[in-house]
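Tertiary structure, described
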Amino acid sequence: MRATVIHAPHDIRVEEVPDAAIQRPEDAVVRVLRACICGSDLWAYRGEAARKPGQRIGHEFLGIVEETGSAVTDLRAGDLVVAPFMWSDGTCEYCAEGLFTSCEHGGFWGSVGHDGGQGEAVRVPHADGTLVKLPAEAVSDDHLLTALLALSDVMGTGHHAALGAGVREGSTVAVVGDGAVGLCGVLAAKRLGAERIIALGRHTVRTDIAKLFGATDVVAERGEAAEAAVRELLGGRGAHAVIEAVGTEQSMRTAVNITRDGGAIGYVGVPHGSSTGLDLGVMFDRNITLRGGVAPVRAYIPELLKDVLSGVIDPAPVFDRTVSLDEVPDGYRAMDDRSALKVMIKP
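First things first, this report covers the structure right here in the doc. Numbers given to residues run from 1 along each chain, matching the order in which its sequence is written. Only residues with pLDDT of at least 70 are given local features in this predicted model, and only at 80 or more are side-chain atom pairs given and counted; all residues enter the totals for whole chains, interfaces and linings. By convention in this description, side-chain values take in all heavy atoms of the structure and omit both hydrogens and water.

To continue, consider the pattern of salt bridges. It is possible for side chains bearing opposite charge to pair when their charged atoms get close. By definition, a salt bridge exists where a carboxyl oxygen of Asp or Glu is found within 4 Å of a side-chain nitrogen of Lys or Arg. Counting across every chain of the model gives 20 salt bridges. When the shortest N-O distance is used, the salt bridge between Asp178 and Arg206 registers 3.6 Å. Linking Asp178 in the loop between β11 (172–176) and α6 (180–191) with Arg206 in helix α7 (residues 204–213), this pair joins segments that are 28 residues apart in sequence. The closest approach of N and O atoms between Arg191 and Asp307, which form a salt bridge, is 2.6 Å. Taken together, the residues span a long stretch of sequence, with Arg191 in helix α6 and Asp307 in helix α11 (residues 297–310) at a distance of 116 residues. To sort residues, take the accessible area from a 1.4 Å probe on protein chains only and compare it with the maximum for the residue type: under 20% means buried, over 50% means exposed, and anything in between is partly exposed. On the accessibility criterion, Arg191 (25% relative accessible area) is partly exposed. By sharing partners, the salt bridges in this structure join Arg2, Glu120 and Asp326 into a single network. Secondary structure elements follow DSSP: runs of H or I of four or more residues count as helices, runs of E of two or more count as strands, with numbering from the N terminus.

Moving on, we come to the packing of helix α4 (residues 142–149) against α11. Angles here are taken between N-to-C directions and fall from 0 to 180 degrees, while the axes themselves are lines fitted to C-alpha atoms, restricted in helices to the stretch in contact. Contact geometry for α4 and α11: axes closest at 10 Å, N-to-C directions at 155°. Taken as axis vectors, α4 and α11 run roughly antiparallel relative to one another. Of the two possible hands of crossing, α4 and α11 adopt the one that is right-handed. Between α4, through Leu144, Ala147 and Leu148, and α11, the contact on the second element is made entirely by Leu305, Val308 and Leu309. We call Asp, Glu, Lys and Arg charged. Ala, Val, Leu, Ile, Met, Phe, Trp, Tyr, Cys and Pro are nonpolar, and the rest, Gly among them, are polar. Within the contact of α4 with α11, the residues separate by chemical class into six nonpolar, no polar and no charged. To sort the angles, those under 35 degrees are grouped as roughly parallel, those over 145 as roughly antiparallel, those from 65 to 115 as roughly perpendicular, and the leftovers as oblique. Two helices that cross are described as forming a left-handed crossing if the nearer one is turned anticlockwise from the farther one by less than a right angle, and a right-handed crossing if clockwise. The contact rule is simple, with two residues in contact once any of their heavy atoms fall within 4.5 Å.

So, about the sheet that holds strand β4 (residues 55–56). By the convention used here, strands pair only if DSSP detects at least 2 bridges between them. Across the sheet, which stays open at both edges, the three strands sit in the order β2-β1-β4 with antiparallel pairing between neighbours. Strand pairing shows two members of the sheet lacking a second neighbour, β2 (11–16) and β4, which therefore form its edges. Sheet topology note: the strand β1 (residues 2–8)/β4 ladder contains two bridges and is antiparallel. Note on β4: the bridge partner recorded for Ile6 is Gln55. Docked against the sheet, helix α12 (residues 328–336) engages β1 and β2, running at close to 160° with respect to β2.

Below you can see the structure in the form of structure tokens.
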């Protein structure tokens, strides 16, 4: 089969690799219908996250089950399924607590020795615990498939950030980051009943999506100017809930400085390139809570799926470019130079 591999920074290739195949009784093989490129994939692309030459890449996909191992009981060939960005057994102590990303037998797509999502097919370990069935009729609805693809990562991650920030009915929310996760954070905050949502971003195409998703205000400044603008909008007190969806020292500092005393920050931006810039003394004095981390997306898919299917939420607009498998290297370049927000792949 053909799949995307990374050989070195800025060296993404689509190559012939061994076919995805059942290796253990708990496995399934999924033929990929939709996949995509994540902002976190760019850290490997830019050389800021180590990868072995020839390693697979990609962790967001949905598709059709082609084959199941002898121990798989909840799935059958022909099922349409979505995969969260990590696999999990669904039975260990962490999974029972809803923390699927800490599963004792879990792992990450594209890790050494495992298939990545950006290919023609994927071997799925612990298929019963990992995959979520989708309505069969969705396979013929291109827009719905696109929205459902967001459940593999960005919609669930935005929701995790909103929960971490304590978004509730009537709260004020500020979102640091105008990437796909930040935009889904806006959508999640709106879904949870936020009254006012301030999106921080400088790219009109992206902030227009933020407004579509429920943002009431946009702040285009950065750094101290952004902090002042948010506080001016909120009477000098800051936001009850702040979503941090970037992962840099500056973004975390901004998040802290625009949080209302007694408020909370939900952080899901993958830390990269620097320390977090956290001043615990400031957070202590102002009673600011920090919650977040790797989103246990598998825990959120069932409830978010219901709202996607009913039309309550539609994260599809975060995908603004579609490429074939052969064009995946171009998709990486487009996301790297910010000419694309989030690239979808149709193998």
